[in-house]
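What follows is the residue order along each chain.
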Amino acid sequence: MGFAQLVIGPAGSGKSTYCSSLYNHCETVGRSIHIVNLDPAAENFDYPVAVDIRELISLEDVMEEFGLGPNGGLMYCMEHLEDNMDDWLTEELDNYMEDDYLVFDCPGQIELFSHVPVLKNFVEHLRRKNFTVCVVYLLDSQFMTDVTKFISGCMASLSAMVQLELPHVNILSKMDLVRNKRDIEKYLNPEPQSLLAELNQHMAPQFGKLNKSLIELVDDYSMVNFMPLDLRKESSIKYILSQIDNCIQYGEDADVKVKDFDQDDD
């Protein structure tokens, strides 16, 4: 059995930076992980790329050959990946042994994890290859300036959860760039009634019933729980990784390490 993280989120939410920091942390603690680039438009990487979709297809080539724009070209690339899962992807995955840990750095187009089935079929392929997968959904903490944007972020995350049907870990990224962290803390584990009252203040009265339904939906799916990620703190990365490992049960069947002591030792 292999293990995998599917790192998704809106464009600019810090997915590649998260993958780079995660790789550096694991290298420091002597843990092996492999980063897979699934973004055909990516150019520069701060981590060693184990598998690169650009070896199969690149956005630049697609745009030049078919005259497509960035979004249309990226969708074409991802559909091409879907058509080549049994060939190219299977061949790449066969290079990794049992218990290997892969982290998939995904593109930021929201339609890929909201209503287009490409990533869903990708996940099903990983499952057939005996991988246990967890979704890591990143949302820029600087986006959380008011309750309406918080609810919008929750809805996008919930859409991905329904579409992919996987264990889900929600992360507020770029906490190191937030000037006033008190404005963010109230959204980490907020009270539903407080959210509703604040939302009603921002919206017209005719949206009262809609606001109530949205808050109930978010509360019922436990989507109000986001974990902050501050890349300046090693403890923050360590905590996030432990939560993800718990979701996919990584290391639960590992042998317990026991240190032998001499009788004369205290």
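Note that the structure is predicted; figures quoted are calculated from it, not measured.

Focus: the packing of helix 6 (residues 147-164) against helix 9 (residues 208-220)
And then number 1: Put simply, helix 6 and helix 9 touch, their axes get as near as 11 Å, and they point 50 degrees apart. The orientation of helix 6 with respect to helix 9, classified from their angle, is oblique. Once helix 6 is placed against helix 9, the crossing between them reads as left-handed. Two secondary-structure elements touch here, helix 6 through I151, C154, M155 and L158 and helix 9 through L214, I215, L217 and V218.
And then number 2: Taken together, the residues of the contact of helix 6 with helix 9 sort by class into eight nonpolar, no polar and no charged.

Points about the packing of aromatic side chains
And then number 1: Using the criterion set out here, one finds eight aromatic pairs in the structure.
And then number 2: Relative to F122, the ring of F104 has its centre 5.2 Å away and its plane inclined at 85 degrees; by these criteria the two rings are edge-to-face. Of this pair, F104 sits in strand 4 (residues 101-105) while F122 sits in helix 5 (residues 118-128); the two residues are 18 residues apart in sequence, bridging distant segments of the chain.
And then number 3: Both rings, one in F150 and one in Y187, keep their centres 5.1 Å apart while their planes meet at 20 degrees; by these two values the pair is stacked. Of this pair, F150 sits in helix 6 while Y187 sits in the loop between helix 7 (182-185) and helix 8 (192-202), and the two are 37 residues apart along the sequence.
And then number 4: Accessibility expressed as a relative area gives 0% for F150, which makes it buried.
And then number 5: Under the relative-accessibility criterion, Y187 is labelled buried at 1%.
And then number 6: Clustering of aromatic rings is evident, with ring pairs tying together F3, Y101 and Y250.

Quick notes on the rules
Residues numbered from 1 in each chain as written. Predicted model: local features only at pLDDT ≥ 70, side-chain atom pairs only at ≥ 80, totals over all residues. Heavy atoms only, no water. Axes fitted to C-alpha atoms, helices over the stretch in contact; angles between N-to-C directions. Helix = DSSP H or I, 4+ residues; strand = E, 2+ residues; numbered from the N terminus. Parallel < 35°, antiparallel > 145°, perpendicular 65-115°, else oblique. Left-handed = near helix turned anticlockwise from the far one by under 90°. Contact = heavy atoms within 4.5 Å. Nonpolar A, V, L, I, M, F, W, Y, C, P; charged D, E, K, R; others polar. Phe/Tyr/Trp six-rings, centres within 6.5 Å; stacked < 30°, edge-to-face > 60°. Buried < 20%, exposed > 50% of the residue type's maximum accessible area, 1.4 Å probe, protein only.

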